[in-house]
Amino acid sequence: MRTPLSLLWATFLLSAAAAIAAPSSSALDRIAFGDPASEQAHGLGAARTEVIRGGLDEPARRLLPNSPVDWQGGIIAFTLKVDPEKENYATVRFWGSDVTSNNLILFCAGKQIGYRHLGDIDILDIAGGAPGYNGRFFYQTSPLPLALTRGQTELKFEIRGTGPTWGYGATFEKYQHAMTEPTRGIYAMAIHTDGFFAPPPDEKQGFAPLNPPTRPGPGVELIDTVKHRVDGEVKKLLGSAAPLNQMQTQFLARAYHVTWTSGAGKPATVTQVVKSLDATFAVYRKNPRLAESDPATPNADWFGLGPSGDAIRLLAVPLAPLLDATIDDGQGAQLTRRAAYSEMLVACRDWHRRHRRLYTNQSMINDLYGIYLANRGVAVVDPAHALPEKEIRRYLYESIGLEPWRDSDAGGEGPAERAGSRNWGVGSNYWQLTAKGLTKELGYVGYYGEVLDWVTSIYDATRPAPGQPGDEKIRAQLVRLEKARGVFRYPMVDAEGFRAMRIETIIGWRDGGHYPGDVAYGERPSWDGSALYSVAATLDPESVGYAQQMLADNQFFASLRDRLKETSLRVTAGLLGVPDQCALLKAQPPSAHRLPMTPGAPDFVFTDEEDGVVAVKHGDELLYVSLYWRARHAVNFLARVHFTTPTVDRIAVVQEEAEFEPSGLNYTRPDWTNFGFGGGGPRYPAELHSAHAGEVLPIAKLPEGVRFKPGDESVYAGKASFYTLRYGPYLIGMNTTKDKTFEMKIPANANAPRELMSSRPVLPGAVLNVSPRSTVVVRVMP
């Protein structure tokens, strides 16, 4: 059966189906920037720009900073034809070797297209720190609102340059930085009516680097550099006359078990840790809210006093004789060290149980530190007040997707206790990870989805004692995550032209401006762990193969070099395990496994219906699609696509068909031009209006018991039951439901269609059944 649709949205789906049946990629109009004849024909006006000869000696325009410098820069204005009835798309041509620190924003009829930060339609170009597509061109495609193009045959456009933004800036000045250098070159812009843009046959394209070389250095000599840095920090902390903060204390407790450090097994290490824990308790007694939020930790209200609990766990044996000594709380009261530590850690544990975090990485950190490690500390000093290990471990299981996430604890029976808890209202069957091992924030995430370091830390935390095996169910889940993340690594040279694999970020919900993604094979190197952290914990043969591929490409030591450039204690702590991890991996037998997207690897299709994401390798074509794309508030009928071939890279937001059970509620897009969520983010000191304001989108039916009102961000409000997307040679049908079957019709004029999951041909005009929680991917010959 097919899910019923309201008549209003059935009209939209008929138009989408027509586009699927008859794709066309010819441009209605096109302007070539830097070409005098083309610019004159389109009435180009320019302020603070320059014409350059760029990639492959092609002409382009760059927008220049203002004088004096501020957050805005140059502008180009021009006119292009549009279709008065169909969906129109704007595609801009960029040179993939360019590196930019600035943003480009498209305006149509005086209104801004897209959102600056994490909207479902991005602005035209977001600053990236490395070449995205070396030696070739890439094409950025955005849909134009029907409200602007309907009834029009020609529209005025502008492209404006601005400085970069920082999404965490609390003020406008911290959020929006000045534009201090030229933008990347803008080569051409075309208007077309099919989401898949095919460049003109005579347009120059580059070529993929053939057999890119292996990076020659750095090499194993960095291990000595790591040891020197880490042990220097250990010695400094051991010699500190002042008590250490929580993160320093935890680092020193970890170093106690690392044989090559100056703190390994030393009574002086224990003495310094105990002195610092006593001081932390005195601060807590003066300010009990320290149990909730300690500014010395990276994210204050996620960690609480968990690092102190971990230090106690790690040093349980040498601490035991010291726990019954009496200490002063700094306020004149005397109590045993055992009672003091228990008091602050119980307060931490119970507050964080009532204030859990929804987003996956945040949930993991809160539940690991604020709840679990705090309780492990209590179990050492005051077992009677520790929650049983089986009971406390369920928070970890929930945060890594082994059990349904049960939201924050109520905290008590009375209204005051319930009022003191944070409830996210996601219902009783929400899972933090998909069954296939991807995080949900709310769909597929690139960088923030790289939680292998946190899941490894969770596994380590469950070890009964350092060096002993941890929870086997958590280890198995960690292996599942390693393999799932491996799909989202694609071949691309690094910034210096050497062979590498990079993280797929274009289709990530929380990945604003990360093009290209970082170099990564298995685990993404982070502040808290190296690229070998998770695989050293699991030694899974497939994951070992990914690590050996990184070592063979000599990208591991390059990642280590980059980490060493950062001087924070957090990074130093993350380096503590590197020498032993590296030695362990080098001792493993050779593995035949390599990352799935590696050149020469077999074709494959990966789908995750819970995240609404698809990955396809077909020969030299690599396709990543997010069908469930930043639909935080309502069904938006938009998909995000990253389609790479050896000569062309396409990045696009395109219309798709979406079927769902309507709730009867709608969401009207606000007049936001900055954030695509959270009230629109910081306001700009200029009169800017969104081209998308006023668009009415339907809200899907939410599960019973889920708290929601229109305008809320929800994992349910924007997710459709069935998606259909035609993009170039690909036709995709995804069924996200557990109990319905949908139909997908192959266009009657399709040329030699083949279903890629089974590698079987299908007939033009055939109707395929798409069963629950499954996806059909069909490729059609050009």
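Residues numbered from 1 in each chain as written. Predicted model: local features only at pLDDT ≥ 70, side-chain atom pairs only at ≥ 80, totals over all residues. Heavy atoms only, no water.

Caption draft 1: Focus on the sheet that holds strand 18 (residues 621-626). Here 9 strands make up an open sheet; going across it, the order is 1-11-6-9-20-19-18-17-16 and the pairing mixed. Each of the sheet's edge strands pairs with one partner strand only, and the pair in question is strand 1 (27-32) and strand 16 (604-608). Across the sheet, the axes of successive neighbouring strands diverge by a mean angle of 10°, strand direction being ignored. With 5 bridges connecting them, strand 18 and strand 19 (residues 638-644) associate as antiparallel partners. Looking at the pairing, Leu622 lines up with Thr644 of strand 19. (Pairing = 2+ DSSP bridges. Helix = DSSP H or I, 4+ residues; strand = E, 2+ residues; numbered from the N terminus. Axes fitted to C-alpha atoms, helices over the stretch in contact; angles between N-to-C directions.)

Caption draft 2: Molecular detail of the confidence of the model for the protein chain. Per-residue pLDDT for the protein chain has a mean of 94; in total, 95% of the residues score no lower than 70. Taken together, the stretch residues 1-24 has pLDDT below 50 and engages in 46 contacts with residues farther than four places along the chain or on a different chain. Between residues 412-419, whose pLDDT stays under 50, and residues either more than four places distant or in other chains, the model counts 6 contacts. (pLDDT = per-residue confidence, 0-100. Contact = heavy atoms within 4.5 Å.)

Caption draft 3: View of the pattern of salt bridges. Within this structure, the stated rule accounts for 56 salt bridges. Across the pair Arg337 and Asp278 runs a salt bridge whose closest N-O atoms are separated by 2.8 Å. Here Arg337, found in helix 11 (residues 337-353), pairs with Asp278, found in helix 7 (residues 267-286); they are 59 residues apart in sequence, far enough to count as distant. Judged by its relative accessible area of 10%, Arg337 falls in the buried class. Exposure remark for Asp278: the relative accessible area of 16% places this residue in the buried category. Two residues, Arg394 and Asp409, come together in a salt bridge whose shortest N-O distance is 3.3 Å. Linking Arg394 in helix 13 (residues 389-399) with Asp409 in the loop between helix 13 and helix 14 (415-419), this pair joins segments that are 15 residues apart in sequence. The same class applies to Arg394 and to Asp409, which are both buried. (Salt bridge = Lys/Arg side-chain N within 4 Å of Asp/Glu carboxyl O. Buried < 20%, exposed > 50% of the residue type's maximum accessible area, 1.4 Å probe, protein only.)

Caption draft 4: Focus on the environment of His228. Counting through the fold element by element, His228 comes out in helix 5 (residues 222-238). The class of His228 is exposed, set by a relative accessible area of 67%. With 354 residues separating them in the primary sequence, His228 and Cys582 have C-alpha atoms 16 Å apart.

Caption draft 5: Here's a closer look at helix 19 (residues 556-564). With 7 of 9 residues buried, helix 19 lies mostly within the body of the structure. Looking at the packing, one finds that the buried side of helix 19 touches helix 5, helix 18 (541-552), helix 20 (569-575) and helix 21 (578-586).

Caption draft 6: Molecular detail of the pairing of strand 10 (residues 154-162). In the sheet, strand 5 (residues 72-81) pairs with strand 10 via 8 bridges, with the strands oriented antiparallel. Across the sheet, residue Gln72 finds its bridge partner in strand 10, namely Thr162.

Caption draft 7: Spotlight on the side chain of Arg136. Structurally, Arg136 is set in the loop between strand 8 (111-112) and strand 9 (137-144). Although Arg136 is buried, it forms no salt bridge, and the closest oppositely charged side chain is Asp649 at an N-O distance of 7.7 Å. A distance of 3.0 Å separates a polar side-chain atom of Arg136 from the backbone oxygen of Asn134. Ignoring any residue separated from it by four or fewer positions in sequence, one finds Arg136 in contact with Phe94, Trp95, Gly96, Ser97, Gly206, Phe207, Ala208, Pro209, Met492, Thr645, Pro646 and Thr647. (Lys, Arg positive; Asp, Glu negative; His and termini not counted. Polar contact = N/O pair within 3.5 Å; in protein donor to acceptor, adjacent residues only side chain to side chain.)

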